[in-house]
Amino acid sequence: MKVLITGGAGFIGSHLADRLLAGGAGVLVLDDLSTGRLSNIEHLIGRPRFEYRIGSALDEKLVAEFVDRSDCTVHLAAAVGVRLIVEQPVHTIRTNLGATEIVLEASEKARKLVLVASTSEVYGKSTRAPFSEDDDLSLGPTSRSRWAYACSKALDEWLALAYMHERGVPVIIARLFNTVGPRQVGQYGMVLPNFARQALCGEPITVFGDGTQQRCFGHVDDSVEALARLLATPGAIGEVCNLGATHEVSMLELAHLVRARAGSESEIRLVPYDQAYTKGFEDMPRRVPDITKMRRLIDFEYGISLETIVDDVIEDRRGRLAQQESSAA
Ligand code: UDP
């Protein structure tokens, strides 16, 4: 089996490429390196059954060629990261909607399976935990650009399901909850790589708001295992499925954990949302997946502990900082 991964040089995509190759599949990566990095897939270049192309998922011809050459697609190419979304809403909306439509369109002819990566962000401001796939979505107003991301991904889901029901394209939708691990970068606002870098550099660890907001962090190795299983599960076709860990931690607790595991003496500093993002920024107090469907469909649960996750991210950061130092010397 040959799998096209759009966004395959990104954080999750590159780990998925590793996992699929290890499982014996062939992998074709398409990535425009906007948020992905070549260094994420460097170790795969030249390996049998692996191929990559630097190009955009908005390039219809290129996507059509790659879809033709593969058996199915995992569509991960998207504008991601809260900071990027707040700063570049036009780019976010165009990329997220445009690329998904192009992938689905290209898959229509041969009715090839498309797994669309969506996000827990689509649940929006709902305060009902845990979030279940059939819950109502509760997005904020269009005047707050944060919700452009959630809305664009929700529309991606609708589009995918519409292509399935109207045009016969088999689709699976994976709603990924906070996924973290090596290769994730902090510059687009993701909390854990940010905390790890700050702790290692002795800078203040910036906790936004009052730090009581909670998230469930899943290790990327668990996320790609879940994605690979979904891809291989015929019963998942036509389904929307949450993928995530269920252990909750507050951002303040996370900051303390990162500081302790990094052996750091950084100050932990509370930063008001207005300063961290833009005025009127809305955050979610809690975000927990209901994993009943994930268990039922793929017989899987996230098993990697938060301590291991934090250690892995710190080690990855350490390596990166050392590299930066040696190239600056
Ligand atoms: N956050 C933080 N400090 C940072 C970056 C993020 O306290 O340097 C907070 C952010 O406001 C949110 C949580 O950490 O409450 C998770 O943020 P992230 O962007 O990683 O993921 P989200 O769950 O918001 O998509």
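Refer to the preceding data block for the structure.
For the structure given in this document, a descriptive report is provided here. The structure displayed is predicted, hence computed values, not measured ones. (Residues numbered from 1 in each chain as written. Predicted model: local features only at pLDDT ≥ 70, side-chain atom pairs only at ≥ 80, totals over all residues. Heavy atoms only, no water.)

### Observations regarding the overall build of the protein
Phase 1 of the analysis: Counting its secondary structure elements, the protein contains 11 helices and 13 strands.
Phase 2 of the analysis: For the protein, the C-alpha radius of gyration of 19 Å lies close to 20 Å, the compact-globule estimate for 329 residues.
Phase 3 of the analysis: Overall, the C-alpha framework of the protein stretches about 55 × 45 × 40 Å when taken along its three principal axes.
Phase 4 of the analysis: Counting every position in the protein, which comprises 329 residues, the buried fraction comes to 55%.
Phase 5 of the analysis: Long-range contacts, defined as pairs at least 24 residues apart, comprise 80% of the intrachain contacts of the protein with a sequence gap of at least 6.
Phase 6 of the analysis: Total accessible area on the protein stands at roughly 14100 Å², and carbon and sulfur atoms take up 49% of it.
Phase 7 of the analysis: Charged side chains in the protein number 36 positive and 44 negative. The centres of these two groups are separated by 2 Å. (Helix = DSSP H or I, 4+ residues; strand = E, 2+ residues; numbered from the N terminus. Rg over C-alpha atoms; globule rule 2.2 N^0.38 Å. Buried < 20%, exposed > 50% of the residue type's maximum accessible area, 1.4 Å probe, protein only. Contact = heavy atoms within 4.5 Å. Areas by Shrake-Rupley, 256 points an atom, 1.4 Å probe, with all protein chains shown as cover. Lys, Arg positive; Asp, Glu negative; His and termini not counted. Charge placed at Lys NZ, Arg CZ, Asp CG, Glu CD.)

### Some words on the side chain of Ser266
Phase 1 of the analysis: Checked against the element boundaries, Ser266 lands in the loop between helix H8 (251–262) and strand S13 (268–271).
Phase 2 of the analysis: Overall, Ser266 belongs to the buried group, its relative accessible area being 2%.
Phase 3 of the analysis: A polar contact is formed between the side chain of Ser266 and the backbone oxygen of Glu203, at a distance of 2.7 Å.
Phase 4 of the analysis: Setting aside anything within four residues of it in sequence, one finds Ser266 in contact with Gln198, Ala199, Gly202, Glu203, Ile205 and Arg259. (Polar contact = N/O pair within 3.5 Å; in protein donor to acceptor, adjacent residues only side chain to side chain.)

### Notes on the pairing of strand S4 (residues 72–75)
Phase 1 of the analysis: Because side chains alternate across S4, one face comprises the buried residues Cys72 and Val74, and the other comprises Thr73 and His75, equally buried.
Phase 2 of the analysis: Bridge count between strand S1 (residues 2–6) and S4: four bridges; the pairing is parallel. Bridging from a neighbouring strand, Thr6 pairs with His75 of S4. (Pairing = 2+ DSSP bridges.)

### Comments concerning the site of the ligand
Phase 1 of the analysis: In the vicinity of the ligand lie 19 residues, with Thr206, Phe208, Arg215, Asp283 and Arg287 positioned nearest.
Phase 2 of the analysis: Between the ligand and Asp283, the relevant distance is 2.5 Å, taken from an oxygen atom to a side-chain nitrogen or oxygen of the residue.
Phase 3 of the analysis: At 2.7 Å from an oxygen atom of the ligand is found a side-chain nitrogen or oxygen belonging to Arg287.
Phase 4 of the analysis: In the complex, 94% of the free accessible area of the ligand, which totals 520 Å², lies under the protein chains.
Phase 5 of the analysis: Elements that contribute at least two residues to the shell around the ligand include exactly helix H6 (191–201) and strand S8 (205–208).
Phase 6 of the analysis: The class makeup of the residues in the shell around the ligand is nine nonpolar, five polar and five charged. (Near = heavy atom within 4 Å. Nonpolar A, V, L, I, M, F, W, Y, C, P; charged D, E, K, R; others polar.)

### So, the packing of helix H2 (residues 60–68) against helix H4 (residues 89–108)
Phase 1 of the analysis: One can describe the packing of H2 onto H4 by two numbers: an axis separation of 9 Å at closest approach and a directional angle of 45 degrees. One way to sum up the angle between H2 and H4 is to call them oblique. Of the two elements, H2 crosses H4, and the hand of that crossing is right-handed. Note on element contacts: H4 touches H2 through Ile102, Val103, Ala106 and Ser107, opposite Glu60, Val63, Ala64 and Val67. (Axes fitted to C-alpha atoms, helices over the stretch in contact; angles between N-to-C directions. Parallel < 35°, antiparallel > 145°, perpendicular 65-115°, else oblique. Left-handed = near helix turned anticlockwise from the far one by under 90°.)

### Some remarks on the environment of Arg259
Phase 1 of the analysis: By the secondary structure assignment, Arg259 is in helix H8.
Phase 2 of the analysis: Residue classification places Arg259 among the partly exposed positions, given a relative accessible area of 24%.
Phase 3 of the analysis: Along the chain, Arg259 and Ala199 lie 60 residues apart, while their C-alpha atoms are 5.7 Å from each other.
Phase 4 of the analysis: With residues near it in sequence (within four places) discarded, Arg259 still touches Ile205, Ser264, Glu265, Ser266, Glu267 and Ile268.

### Remarks on the nonpolar core
Phase 1 of the analysis: Counting 41 residues, the largest nonpolar core has Leu20, Leu230 and Leu243 as its most contacted members.
Phase 2 of the analysis: The element that contributes the greatest number of residues to this core is helix H7 (residues 220–231), accounting for seven residues.
Phase 3 of the analysis: Apart from the residues within four sequence positions on either side, Leu243 is in contact with Ala174, Arg175, Leu176, Phe177, Ala226, Leu227, Leu230, Met294, Ile298 and Tyr302. (Core = buried A, V, L, I, M, F, W, Y, C linked by side-chain atoms within 4.5 Å.)

### Describing the sheet that holds strand S11 (residues 240–243)
Phase 1 of the analysis: Taking strand neighbours across the sheet as the criterion, the seven strands line up as S3-S2-S1-S4-S5-S6-S11 in an open arrangement whose pairing is parallel. The open sheet has two edge strands with one neighbour each: strand S3 (50–54) and S11. Each adjacent strand pair in this sheet contributes to an overall mean axis angle of 20 degrees, direction not counted.
Phase 2 of the analysis: Summarising the sheet, strand S2 (residues 26–31) and S3 pair through five bridges and their orientation is parallel. Each bridged residue has a counterpart across the sheet, and for Val29 the counterpart in S3 is Tyr52.
Phase 3 of the analysis: Across the face of the sheet, helix H1 (residues 11–22) comes into contact with S1, S2, S3, S4 and strand S6 (171–176) while running at roughly 170 degrees to S1.
Phase 4 of the analysis: Along the sheet, H7 makes contact with S1, S4, strand S5 (113–119), S6 and S11, crossing S6 at roughly 165 degrees.

### Notes on the pattern of salt bridges
Phase 1 of the analysis: The full count for this structure, using the stated rule, is 24 salt bridges.
Phase 2 of the analysis: With a shortest N-O distance of 2.6 Å, Arg287 and Glu121 are connected by a salt bridge. Remark: Glu121 occurs in the loop between S5 and helix H5 (146–167) and Arg287 occurs in the loop between helix H9 (273–276) and helix H10 (292–298); sequence separation between them is 166 residues. Each of the two residues, Arg287 as well as Glu121, counts as buried.
Phase 3 of the analysis: Where Asp156 meets Lys153, a salt bridge forms, and the shortest distance between an N and an O atom there is 3.5 Å. (Salt bridge = Lys/Arg side-chain N within 4 Å of Asp/Glu carboxyl O.)

### Remarks on the pairing of S11
Phase 1 of the analysis: Side chains Val240 and Asn242 of S11 all project onto a buried face; the interleaved residues Cys241 and Leu243 project onto the opposite face, where all are buried too.
Phase 2 of the analysis: Here four bridges tie S6 to S11, and the two strands are oriented parallel to one another. Across the sheet, the residue bridging to Ile173 is Val240, located in S11.

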